[in-house]
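# Report on the structure
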Amino acid sequence: MPDLSQILLRPHAQCRTLIVAISLILLVEGALALQISPVQRALAQYLTNEELSTYLQDYQRRCRDIAKLHVIGTSVQGRQLLALELAASPGSTNALPHFRYVGNLHGNEPTGRVLTLALAEYICEARGEDPQVAQILAGMHLWLMPSANPDGFDQRTRENINNVDLNRDFPDRFSKPPSLMPTGSEQAEVRALMDWSRRIGFTASAAMHEGALVANYPMDGTQDRSTQYAASPDDGTFRHLATKYAQAHTRMALPTNKEFPNGGITNGAAWYPIYGSMQDWVYLATGCFELTLEVSESKWPPVASLGALWKENKASLLGLPLLAVLGGVRGVVKASNPLRQGGIDTPLRANVTVAGIETVVQSREGTGVFARPLAPGTYELQARAHGYTTATQQTTVPDDGTGVEVLFELKRVASSGRARRAGGEEAADGAAALDSVAAWGVNPGGALRLEPLRHNVLLVSAGIVLLLVVWFGGWRLAATRRGRGLQPRTVISIPLSRVAAQGP
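Residues numbered from 1 in each chain as written. Predicted model: local features only at pLDDT ≥ 70, side-chain atom pairs only at ≥ 80, totals over all residues. Heavy atoms only, no water.

### Observations regarding the overall build of the protein
Within the protein, the regular secondary structure consists of 14 helices and 16 strands. Taking all 504 residues of the protein together, 46% fall into the buried category. When contacts within the protein are restricted to residue pairs at least 6 apart in sequence, long-range pairs at least 24 apart make up 70% of them. A total of about 25200 Å² of accessible surface is found on the protein, and carbon and sulfur atoms cover 56% of it. (Helix = DSSP H or I, 4+ residues; strand = E, 2+ residues; numbered from the N terminus. Buried < 20%, exposed > 50% of the residue type's maximum accessible area, 1.4 Å probe, protein only. Contact = heavy atoms within 4.5 Å. Areas by Shrake-Rupley, 256 points an atom, 1.4 Å probe, with all protein chains shown as cover.)

### Observations concerning the environment of R364
With respect to the helices, strands and loops of the structure, R364 is situated in the loop between β12 (357–362) and β13 (369–372). Residue classification places R364 among the partly exposed residues on the basis of a relative accessible area of 24%. Taking the C-alpha atoms as reference points, R364 and P347, 17 residues apart in sequence, are found 8.8 Å from one another. If near-sequence neighbours (up to four positions away) are discounted, R364 is found in contact with L96, H98, I200, G201, L348, R349 and V369.

### With respect to the packing of helix α5 (residues 131–139) against helix α11 (residues 306–326)
Here α5 crosses α11 at 45 degrees, and the two axes come no closer than 10 Å. What the angle tells us is that α5 and α11 run oblique. When you trace α5 past α11, the crossing you get is left-handed. Contact residues: α5 offers Q132, V133, Q135, I136 and G139, while α11 offers L318, G319, L322 and L326. (Axes fitted to C-alpha atoms, helices over the stretch in contact; angles between N-to-C directions. Parallel < 35°, antiparallel > 145°, perpendicular 65-115°, else oblique. Left-handed = near helix turned anticlockwise from the far one by under 90°.)

### Remarks on the pairing of strand β4 (residues 141–145)
Most of β4 is tucked away, with 5 of its 5 residues classed as buried. Strand direction decides the pairing type here: strand β2 (residues 80–86) and β4, joined by 3 bridges, are antiparallel. Within β4, the residue paired with L86 across the bridge is L142. Note that strand β3 (residues 98–102) and β4 share 5 bridges and pair parallel. Across the sheet, residue H98 finds its bridge partner in β4, namely H141. (Pairing = 2+ DSSP bridges.)

### Here we look at the pattern of salt bridges
It is possible for side chains of opposite charge to pair when their charged atoms get near one another. Summed over the entire model, instances satisfying the criterion amount to 17 salt bridges. Here R349 makes a salt bridge to E365, at a shortest N to O gap of 3.9 Å. With a gap of 16 residues between them, R349 in the loop between β10 (346–347) and β11 (351–354) and E365 in the loop between β12 and β13 connect regions that are remote in the sequence. On the accessibility criterion, E365 (61% relative accessible area) is exposed. Through salt bridges with shared partners, one network takes in E109, R158, D165, R168 and K299. (Salt bridge = Lys/Arg side-chain N within 4 Å of Asp/Glu carboxyl O.)

### Describing the pairing of strand β16 (residues 404–410)
Residues V404, V406, F408 and L410 of β16 are buried on one face, while the alternating residues E405, L407 and E409, pointing to the opposite face, are not. In the sheet, strand β9 (residues 329–335) pairs with β16 via 7 bridges, with the strands oriented parallel. Within the sheet, the bridge partner assigned to V332 lies in β16 and is L407.

### As for the packing of aromatic side chains
Where two aromatic rings form a pair, the distance of their centres and the angle of their planes describe that pair. In the structure shown here, the tally under the stated rule is 16 aromatic pairs. What links up through ring pairs into an aromatic cluster is the set Y46, F153 and W300. A cation over a ring is seen here: R156 above W300, with NZ or CZ 3.7 Å from the ring centre. Positioned above the aromatic ring of Y275, the side-chain terminus of R225 is 4.0 Å from the ring centre. (Phe/Tyr/Trp six-rings, centres within 6.5 Å; stacked < 30°, edge-to-face > 60°. Lys NZ or Arg CZ within 6 Å of the ring centre and 35° of its normal.)

### Brief notes about the sheet that holds β12
Across the sheet, 4 strands lie side by side as β12-β11-β14-β15; this open sheet has antiparallel pairing. In this open sheet, the two edge strands, each paired with only one partner strand, are β12 and β15 (391–397). Strand-to-strand, the axes of this sheet are offset by a mean angle of 30 degrees, without reference to chain direction. Inspection of the sheet shows strand β14 (residues 377–384) paired to β15 by 7 bridges, in the antiparallel sense.

### Things to note about helix α4 (residues 111–125)
For α4, which comprises 15 residues, the first-to-last C-alpha distance of 21 Å matches the rise-based estimate of 21 Å (1.5 Å per residue) to within 8%. In terms of burial, α4 is a largely internal element, 14 of the 15 residues being buried. (Expected span 1.5 Å × (residues − 1).)

### Comments concerning α5
Along α5, the residues classified as buried are V133, I136, L137 and G139. Those residues of α5 that are buried are in contact with β2, α4, β4 and α11. Between a side-chain oxygen at the N-terminus of α5 and the backbone nitrogen of Q132 the separation is 2.8 Å; the capping residue is D130. (Polar contact = N/O pair within 3.5 Å; in protein donor to acceptor, adjacent residues only side chain to side chain.)

### Some remarks on the nonpolar core
Core analysis: the largest hydrophobic core is formed by 68 residues, its most contacted members being Y59, L86, F99, Y101, L291 and W310. Not counting the four nearest positions on each side in its chain, W310 is found in contact with V39, L43, L115, A118, L119, Y122 and L317. Membership of the second largest hydrophobic core comes to 23 residues, among which are L348, V361, F370 and L410. (Core = buried A, V, L, I, M, F, W, Y, C linked by side-chain atoms within 4.5 Å.)

Set out below in structure tokens:
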């Protein structure tokens, strides 16, 4: 007869084995979950608009030392247009230049939403380890805008909720009448992008799209609307930036790129002309060097392919801001004879140009700092500011991507204004001189300068006093002569207008 105790214990032993097995599976899955990096979590799905907002707020909390979340506007349906600012001092108004990535301008092209988040997570995770990340955070303000068209994403349409293609809605140089100024008819998303562009003054930027594998650069349109190459004044620099992005990409520049086997870059109008594009407007209206990056041959690629998409673009996404912002020419414009007492430098807002290129880059108000993308080569640079002499320098941009720094020191222009310094030297004159001097109350030589209005008031006052003295003196003299039987002398009356009009 079988042992009854063994029969009764056998099911319990099987249960224990099953419980142990389940526990081990759960432990393994938990361990694997713990090993998933923030970058992998960013690539795990396409977030809804509500989830994206929550994600960005959480990112700002987790990476608060380098991140600040901004609302740059709202969509037609009132959704917030959010942008992350990443820098060593986010939110500060320091002298560092700005670069941005914009995703999801077309609602049915959502990979930019994912790639911007993956880039943000990598920068936060590797900020103490990756030299490129350290350079980005220390040398610029990097802005990441995951979605410029949340309404279109929600509807899974290319256009926004008003059925308008946002990348055809910007002011265009070939519009009638031609103008780059806002018309007032732009969509809410476009108005927000334009205001943001003008307010920040980006040195360079890139927008992420889908439907091909190519780095597209200006110009996008032609005057006769034909499909042909339309070079911008900075064509060489744009080709350089696009080429470097494509080469750092794992597939874009390869001959196996079916549509663009010759390097993975294209001029916009040579591919197909469009009008009202963001990259043309932001370049012509604000001086920002923007590329359009087509990062996937298929639109809305499956979630399973997002990890591979990040690996293909990671090196390019990290390298482009460094090359565009720091790999050209950057520097400071200041006055060589500072207006401030104590010898403190006076930074100048000036126009910086390159000989043979029409584009004008302005140094920043209050800091005098500028950054200008340039391809490797030797250039003649000029800095101009009203009321100052023009300074010229020849400089060479190296081909290693490190760029070059320059310093412009401009001298004040002496003019033939009426007001003079002590010692008889002619003081500076003109609107620029008055604007600068008014802030400090002294001129470059250190002598007090009288503003024209106050100068004229003093002259009039002196004239009145002189007339009173002459009149009163003549009356006293006449009274004295009458007392002595003498005739009074004639008192010469000087018109007040003549006194006030005469200079010193």
